[in-house]
Amino acid sequence: MDGVPLWLQAGFWGLVAGGALLLGAFVGYRLKVPQRLIAAIMAFGSGVLISALSFELVEHAFHTGGFASTAIGFLGGASVYTLANWKLSHHGAKHRKRSGRQPSARDNGNSGAAIAIGALLDGIPESIVIGLSMLGGQGVSMVAVAAIFLSNIPEGLSSAAGMKQAGRSPRYIFGIWGGIVVASGVAALLGFAAFRHFPPEVVAATTAVAAGGVLAMLVDTMIPEAFEETHDFAGLIVVTGFLAAYALSKLGG
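This is a predicted model, so every value here is computed, not measured. (Residues numbered from 1 in each chain as written. Predicted model: local features only at pLDDT ≥ 70, side-chain atom pairs only at ≥ 80, totals over all residues. Heavy atoms only, no water.)

If you walk through the whole model with that rule in mind, you get 5 aromatic pairs. A ring pair is formed by Phe 195 and Phe 198, whose centres lie 5.3 Å apart and whose planes are at 45 degrees; its orientation type is tilted. Pairwise contacts between aromatic rings join Phe 55, Phe 242 and Tyr 246 into one cluster. When the ring centre of Tyr 29 is taken as origin, the NZ or CZ atom of Lys 164, which lies over that ring, is 4.7 Å away. Across from the ring centre of Tyr 172, 5.4 Å away, lies the NZ or CZ of Arg 168, which sits over that ring. (Phe/Tyr/Trp six-rings, centres within 6.5 Å; stacked < 30°, edge-to-face > 60°. Lys NZ or Arg CZ within 6 Å of the ring centre and 35° of its normal.)

Taken together, Val 182, Val 186 and Leu 190 make up a surface patch of nonpolar side chains, about 260 Å² in accessible area. Structurally, Val 186 can be placed in helix 5 (residues 170-193). Using a relative accessible area of 43% as the deciding quantity, one classes Val 186 as partly exposed. (Patch = residues over 30% accessible without salt bridge, like charges linked within 9 Å, V, L, I, M, F, W, Y side chains within 5 Å. Areas by Shrake-Rupley, 256 points an atom, 1.4 Å probe, with all protein chains shown as cover. Salt bridge = Lys/Arg side-chain N within 4 Å of Asp/Glu carboxyl O. Helix = DSSP H or I, 4+ residues; strand = E, 2+ residues; numbered from the N terminus. Buried < 20%, exposed > 50% of the residue type's maximum accessible area, 1.4 Å probe, protein only.)

Let us now look at the side chain of Thr 207. Here Thr 207 shows up in helix 6 (residues 200-230). A distance of 2.8 Å separates a polar atom in the side chain of Thr 207 from the backbone oxygen of Val 203. Contact partners of Thr 207, with chain neighbours within four places excluded, come to Leu 57, Ala 61 and Leu 132. (Polar contact = N/O pair within 3.5 Å; in protein donor to acceptor, adjacent residues only side chain to side chain. Contact = heavy atoms within 4.5 Å.)

Moving on, we get to the packing of helix 1 (residues 6-30) against helix 5. Close contact between helix 1 and helix 5 brings their axes to 7 Å; oriented N to C, the two are set at 160 degrees. It follows that helix 1 is roughly antiparallel to helix 5 by the angle criterion. Between helix 1 and helix 5 lies a crossing of right-handed hand. Taken together, the residues of the contact of helix 1 with helix 5 sort by class into 19 nonpolar, 7 polar and no charged. (Axes fitted to C-alpha atoms, helices over the stretch in contact; angles between N-to-C directions. Parallel < 35°, antiparallel > 145°, perpendicular 65-115°, else oblique. Left-handed = near helix turned anticlockwise from the far one by under 90°. Nonpolar A, V, L, I, M, F, W, Y, C, P; charged D, E, K, R; others polar.)

Purely spatial values, then, with no claim about function.
Okay, here's the thing in structure tokens:
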């Protein structure tokens, strides 16, 4: 993408990674995908994201701004996500990634908005990470893009299937995911444009905030869903995803 401004590249890669949500939503709405397969993909994506967090984000934050900035940001991001997720879970968004346990529009009219906000809460930190990964001037982190893309497919798939079962309309379902895809592109763009002139400590803390939020999201939402369906195989699948991303990061380096 030579000649394309970096801020525009950041937005493009945010759209690519976020587009997996729409792809997954389309498959989940149109096809009857076995829940165990969805959970297996979710477990694999969780492993990929954990690897990216460990070897791409937190490591980069540490080398950029030191341990103090990284630790404060990491704990802060996890705390903010946990509090926001706890609040949303009491308004109908607790099972937003699950295909069979979402409240119906009739039973809980406010759950739709909570699910949409929850999905946005899950996606924005990931997208900001993409923009921040480009601040070194060496292009986007393809490991981060691949990790987010892989984790977004089962998220969109499972959530859209659950929304359909709960009686949500196609316009509502694809409107939510389409809007979140656009928001993902904007968040990645802002992640680059808003922080490129900031001191290294601020960039490091912001990267760690996003990383902490993503890790909290994995433990609170994705991994429980994966374990519920894959049971004893969840750990092995997560490890496989972790190893795949680790290999990609080393080959890319």
